[in-house]
Amino acid sequence: MKNIKIYCPIKYDGDNYTRVKDNIYKTVHIYEESDTSLSLKGVTDQALLDKLRSMTEWKQGEREIELEAETLIIWYNGKKYYKYMDDEETIYENMYDESGETIYVTSLMFEQEPEFDENEPSNPEISQYPLEDILDEYLCYVTDFYEDENARDKVNSYVEFASEDISDIEKLLSIVGKHVYNREDGDYIKLVIE
């Protein structure tokens, strides 16, 4: 990702958004019925979804994930649940009740870089990496991929980031004007921000 800039969509001028700081807006995310079901973000495999729905022995609690143990984590009605998994991939999900929650959002536009294994800038789909690593680094999630803008603009890509904690969004904004990409570092892939 290069040429990272602030994007101010028209929707931020509406009644549903309140500007709280430069380039940061507060809104209430109302979850639709489909958002409160056990449908994992990024998982479309119906067999996997059915398997997850049938699992039992969930534990509620605020705990750090042990790196050596594979753990399934779900947020449901604002509470964190986890389950140790055998031979499963760790999967994250946010689930809330219909009352919604206050979140803080900002939107960025940037150019994708095929030379760093990202999609072509003209491709309306945004590459999974380094986006996923940015989300992990800044404890944010995506609330809007701006499909119309991404289909129209053959140079820039657009994403809205969100967090329940405004400080996460403030930290995320530190990448504006920077070059962000993944680089191999031995056996690992490292997120580089320069």
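An account of the accompanying structure is given in this report.

**Considerations on the overall build of the protein chain**
When helices and strands are tallied, the protein chain shows 4 helices and 12 strands. Across the 194 residues in the protein chain, those meeting the buried criterion constitute 40%. Partitioning the contacts of the protein chain with sequence separation of at least 6, the portion at a separation of at least 24 is 57%. Split by element, the accessible area of the protein chain, about 11,700 Å² in all, is 45% carbon and sulfur.

**Digging into the packing of aromatic side chains**
Both the distance between ring centres and the angle between the ring planes are used here to describe each pair of aromatic rings. One pass over the structure, following the stated rule, counts 5 aromatic pairs. Seen from their ring centres, Tyr-7 and Tyr-146 are 5.3 Å apart, and the 85° between their planes marks the pair as edge-to-face. Here the residue Tyr-7 occupies a position in the loop between β1 (2-6) and β2 (18-21), and Tyr-146 occupies one in the loop between β9 (141-144) and α3 (147-152), the gap between them amounting to 139 residues. Looking at Tyr-7, the relative accessible area reads 17%, which means it is buried. Of the residues examined, Tyr-146 reaches a relative accessible area of 4% and is grouped as buried. Both rings, one in Tyr-7 and one in Tyr-158, keep their centres 4.7 Å apart while their planes meet at 70°; by these two values the pair is edge-to-face. Taken as a pair, Tyr-7 in the loop between β1 and β2 and Tyr-158 in strand β10 (residues 157-163) lie far apart in primary sequence, 151 residues in all. Overall, Tyr-158 belongs to the buried group, its relative accessible area being 8%. By way of ring pairs, the aromatic residues Tyr-7, Tyr-146 and Tyr-158 are connected into one cluster.

**Thoughts on the pattern of salt bridges**
If you walk through the whole model with that rule in mind, you get 4 salt bridges. Ionic pairing is found between Asp-22 and Arg-19, a salt bridge with its closest N-O pair at 2.1 Å. Across the pair Glu-170 and Lys-21 runs a salt bridge whose closest N-O atoms are separated by 2.3 Å. With Glu-170 in helix α4 (residues 166-172) and Lys-21 in strand β2, this pair connects stretches of sequence that are 149 residues apart. We classify Glu-170 as partly exposed; its relative accessible area is 32%.

**Examining the pairing of β2**
As defined by bridge partners, β2 adjoins strand β3 (residues 24-29) across 3 bridges and the pair is classed as antiparallel. Looking across to β3, one finds that Arg-19 is bridged to Tyr-25. Where β2 hands over to β3, the hairpin turn is made up of 2 residues, of which Asn-23 adopts a positive phi near 65°.

Reading the values: rules and limits
Residues numbered from 1 in each chain as written. Predicted model: local features only at pLDDT ≥ 70, side-chain atom pairs only at ≥ 80, totals over all residues. Heavy atoms only, no water. Helix = DSSP H or I, 4+ residues; strand = E, 2+ residues; numbered from the N terminus. Buried < 20%, exposed > 50% of the residue type's maximum accessible area, 1.4 Å probe, protein only. Contact = heavy atoms within 4.5 Å. Areas by Shrake-Rupley, 256 points an atom, 1.4 Å probe, with all protein chains shown as cover. Phe/Tyr/Trp six-rings, centres within 6.5 Å; stacked < 30°, edge-to-face > 60°. Salt bridge = Lys/Arg side-chain N within 4 Å of Asp/Glu carboxyl O. Pairing = 2+ DSSP bridges.

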